[in-house]
Amino acid sequence: MPNTRQAKKRMRRDARRRLRNRYHLSRMRTYIKNFRRMIENGEIEKAKEYINEVISVIYHTASKGVIHKNEAARRASRVYALLNKALQQQQAQS
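Quick caveat, the model's predicted, so the values are computed rather than measured.

## Points about the overall build of the chain
Counting its regular elements, the chain contains 3 helices and 0 strands. Here the C-alpha atoms of the chain give a radius of gyration of 18 Å, more than 25% beyond the 12 Å that 2.2 N^0.38 yields for 94 residues. Its C-alpha atoms give the chain principal-axis dimensions of roughly 70 × 20 × 20 Å. Intrachain contacts of the chain at a sequence separation of at least 6 include 57% that bridge at least 24 residues. Surface accessibility of the chain: about 7300 Å² in total, with carbon and sulfur atoms responsible for 45%. Here the chain contributes 24 positively and 7 negatively charged side chains, and the mean placements of these two sets differ by 17 Å.

Here it is as structure tokens:
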């Protein structure tokens, strides 16, 4: 338990920040999960439209300081790579 006024305030502040960080992190992960699901189900056209939202959410999460900008870039790169791989497979089948 905190012993000083400063420590009590820091606990309150950290609790608010933790909730905010959890919201943004959960939202980002959900968008990425939904995108991956689209790719797995073969809904590539739908995924092409959805990718802009996914990338936007990833970089928005980084702008809030929840994740580092390099992590955001890495996640965005992996999302693009996943889409490109699916598009190549689709062209190979055609």
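## Some remarks on the side chain of Thr 61
With respect to the element layout, Thr 61 can be found in helix 2 (residues 44–63). According to the relative accessible area criterion, Thr 61 is buried, its value standing at 1%. Of note is the side chain of Thr 61, whose polar atom sits 2.8 Å from the backbone oxygen of Val 57. Excluding anything up to four places from it in sequence, Thr 61 contacts His 24, Met 28, Val 66 and Ile 67.

## With respect to the pattern of salt bridges
Under the criterion given, the structure shown has 3 salt bridges. Residue Arg 13 is joined to Asp 14 by a salt bridge in which the shortest nitrogen-to-oxygen separation is 3.4 Å. Residue classification places Arg 13 among the partly exposed residues on the basis of a relative accessible area of 32%. On the basis of relative accessibility, which here comes to 31%, the residue Asp 14 falls in the partly exposed class. Arg 75 is paired through a salt bridge with Glu 71; the nearest N and O atoms lie 3.0 Å apart. Here Arg 75 and its partner Glu 71 are both found in helix 3 (residues 69–93), 4 residues apart, which amounts to about one turn of the helix.

## A closer look at the packing of helix 2 against helix 3
Where helix 2 meets helix 3, the axes come as close as 9 Å, and the angle between the chain directions of the two elements is 175 degrees. The angle between helix 2 and helix 3 falls in the class roughly antiparallel. Contact residues: Ile 44, Ala 47, Lys 48, Ile 51, Val 54, Ile 55, Ile 58, Tyr 59 and Ala 62 in helix 2; Lys 69, Ala 72, Ala 73, Arg 75, Ala 76, Val 79, Tyr 80, Leu 83, Ala 86, Leu 87 and Gln 90 in helix 3. The class makeup of the residues in the contact of helix 2 with helix 3 is 16 nonpolar, 1 polar and 3 charged.

Parameters at a glance
Residues numbered from 1 in each chain as written. Predicted model: local features only at pLDDT ≥ 70, side-chain atom pairs only at ≥ 80, totals over all residues. Heavy atoms only, no water. Helix = DSSP H or I, 4+ residues; strand = E, 2+ residues; numbered from the N terminus. Rg over C-alpha atoms; globule rule 2.2 N^0.38 Å. Contact = heavy atoms within 4.5 Å. Areas by Shrake-Rupley, 256 points an atom, 1.4 Å probe, with all protein chains shown as cover. Lys, Arg positive; Asp, Glu negative; His and termini not counted. Charge placed at Lys NZ, Arg CZ, Asp CG, Glu CD. Buried < 20%, exposed > 50% of the residue type's maximum accessible area, 1.4 Å probe, protein only. Polar contact = N/O pair within 3.5 Å; in protein donor to acceptor, adjacent residues only side chain to side chain. Salt bridge = Lys/Arg side-chain N within 4 Å of Asp/Glu carboxyl O. Axes fitted to C-alpha atoms, helices over the stretch in contact; angles between N-to-C directions. Parallel < 35°, antiparallel > 145°, perpendicular 65-115°, else oblique. Nonpolar A, V, L, I, M, F, W, Y, C, P; charged D, E, K, R; others polar.

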